[in-house]
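One-letter residues, chain by chain:
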Amino acid sequence: MPRIVFIRHGETDWNAEGRFQGQMDIPLNQRGRAQARRNGEALMAHMPEAVDFDFVSSPLARTRETMEIVRGAMGLDPAAYHLEPILKEITFGHWEGYTASELDALWPDRVAAREADKWGFTPPFGESYLDLSIRIGAWLDTLENDTVAVSHGGVCRVLQGLLVAVDPQDVTMLNIRQDRVMVWDGTEVIWI
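Heads up: these notes are all about the structure in this document. On a predicted model such as this, the values are computed, not experimentally measured, just so you know.

Position of Glu-188 among the secondary structure elements: in the loop between strand 5 (181–184) and strand 6 (189–191). Assessed through its relative accessible area of 43%, Glu-188 is described here as partly exposed. Along the sequence, Glu-188 and Gln-160 sit 28 residues apart, while their C-alpha atoms lie 9.6 Å from each other.

Okay, here's the thing in structure tokens:
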């Protein structure tokens, strides 16, 4: 399997507020732009050969901006990458835009159902982590070259679960930081 470098998009105001973001197209904030720069610089310092990898991004604005900042920090043409719709974040459907406490006040039974089975639960008009895992598994099956991907926290969770066989219920709890780069070397996941 090719090497995969995964970068979660930088912080948005909705991340800072704890809002379910999903596929809403929320822009980076200043901290998010600094995180993206840091990640590009760290990748260049630790894996300079990554300049020759394929570069692919989710089509959402926050991932595209992150990719362009990362590539710029690596001394590469910011615009020379591909978009991949499969890499969009898990969609939370009608829950997007709400905080956890707002959801709990509005739909306590559904929030309890989600807590009981985060892997299999599907929010109204959304998708489950299981659905997302199938989508990302299909993307993995298409990879032929070493790749730098910029995408989302939920995508990274299921990707890591697929690569290192994490129990599905544990996948949903993985902490995916916005100021670190995940590297799959074909055997293990490391963070830089």
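Another point: the sheet that holds strand 1 (residues 4–8). Neighbouring strands of a sheet are bound in pairs by backbone hydrogen bonds; such pairs are parallel or else antiparallel. Taken together, the six strands give an open sheet; going across it, the order is 3-2-4-1-5-6, and neighbouring strands pair in mixed fashion. Every interior strand has two partners, whereas the edge strands, strand 3 (82–83) and strand 6, have only one. The pairing of strand 2 (residues 54–57) with strand 4 (residues 147–151) spans four bridges and is classified as parallel. Pairing of Ser-57 across the sheet is with Val-150, part of strand 4. With respect to the sheet, helix 3 (residues 61–73) is in contact with strand 1, strand 2, strand 3 and strand 4, its orientation differing from that of strand 2 by roughly 150°.

What follows deals with the environment of Pro-78. In this fold, Pro-78 is placed in the loop between helix 3 and strand 3. Pro-78 sits in the partly exposed class, given a relative accessible area of 36%. With 12 residues separating them in the primary sequence, Pro-78 and Thr-66 have C-alpha atoms 9.8 Å apart. Each residue touching Pro-78, except ones within four places of it in the same chain, is listed here: Glu-68, Arg-71 and Gly-72.

A few words now on the nonpolar core. Membership of the largest hydrophobic core comes to 29 residues, with the highest contact counts inside it found for Ile-136, Trp-139 and Leu-159. Those residues in contact with Trp-139 that lie beyond four places of it in its chain are Val-56, Glu-84, Ile-86, Leu-87, Thr-147, Ala-149 and Leu-159.

Okay, the packing of aromatic side chains next. Summed over the entire model, instances satisfying the criterion amount to four aromatic pairs. Their ring planes at 85° and their centres at 4.9 Å tell us that Phe-20 and Phe-92 sit as a pair that is edge-to-face. Remark: Phe-92 occurs in the loop between strand 3 and helix 4 (100–106) and Phe-20 occurs in the loop between helix 1 (13–17) and helix 2 (30–46); sequence separation between them is 72 residues. Each member of the pair, Phe-20 as well as Phe-92, carries the same accessibility label: buried. Look at Tyr-98 and Trp-107: their rings are 5.6 Å apart centre to centre, the planes differ by 85°, and that puts the pair in the edge-to-face class. Take Tyr-98: its relative accessible area is 27%, and that puts it in the partly exposed class. Ring pairing ties together the aromatic residues Phe-20, Phe-92, Trp-95 and Phe-121, which thus form one cluster. Positioned over the ring face of Phe-55 is Arg-71, at 4.4 Å from the centre of the ring.

Under the defined criterion, the tally for this structure stands at nine salt bridges. Between Glu-102 and Arg-19 there is a salt bridge, with its nearest N and O atoms 3.1 Å apart. On the criterion of sequence distance, the pair formed by Glu-102 in helix 4 and Arg-19 in the loop between helix 1 and helix 2 is long-range, its members being 83 residues apart. Owing to a relative accessible area of 30%, Glu-102 belongs among the partly exposed residues under this scheme. The exposure class assigned to Arg-19 is partly exposed, which follows from its relative accessible area of 24%. For the salt bridge of Glu-65 with Arg-33, the shortest nitrogen-to-oxygen distance reads 2.6 Å. Of this pair, Glu-65 sits in helix 3 while Arg-33 sits in helix 2; the two residues are 32 residues apart in sequence, bridging distant segments of the chain.

The rules behind the values
Residues numbered from 1 in each chain as written. Predicted model: local features only at pLDDT ≥ 70, side-chain atom pairs only at ≥ 80, totals over all residues. Heavy atoms only, no water. Helix = DSSP H or I, 4+ residues; strand = E, 2+ residues; numbered from the N terminus. Buried < 20%, exposed > 50% of the residue type's maximum accessible area, 1.4 Å probe, protein only. Pairing = 2+ DSSP bridges. Contact = heavy atoms within 4.5 Å. Axes fitted to C-alpha atoms, helices over the stretch in contact; angles between N-to-C directions. Core = buried A, V, L, I, M, F, W, Y, C linked by side-chain atoms within 4.5 Å. Phe/Tyr/Trp six-rings, centres within 6.5 Å; stacked < 30°, edge-to-face > 60°. Lys NZ or Arg CZ within 6 Å of the ring centre and 35° of its normal. Salt bridge = Lys/Arg side-chain N within 4 Å of Asp/Glu carboxyl O.

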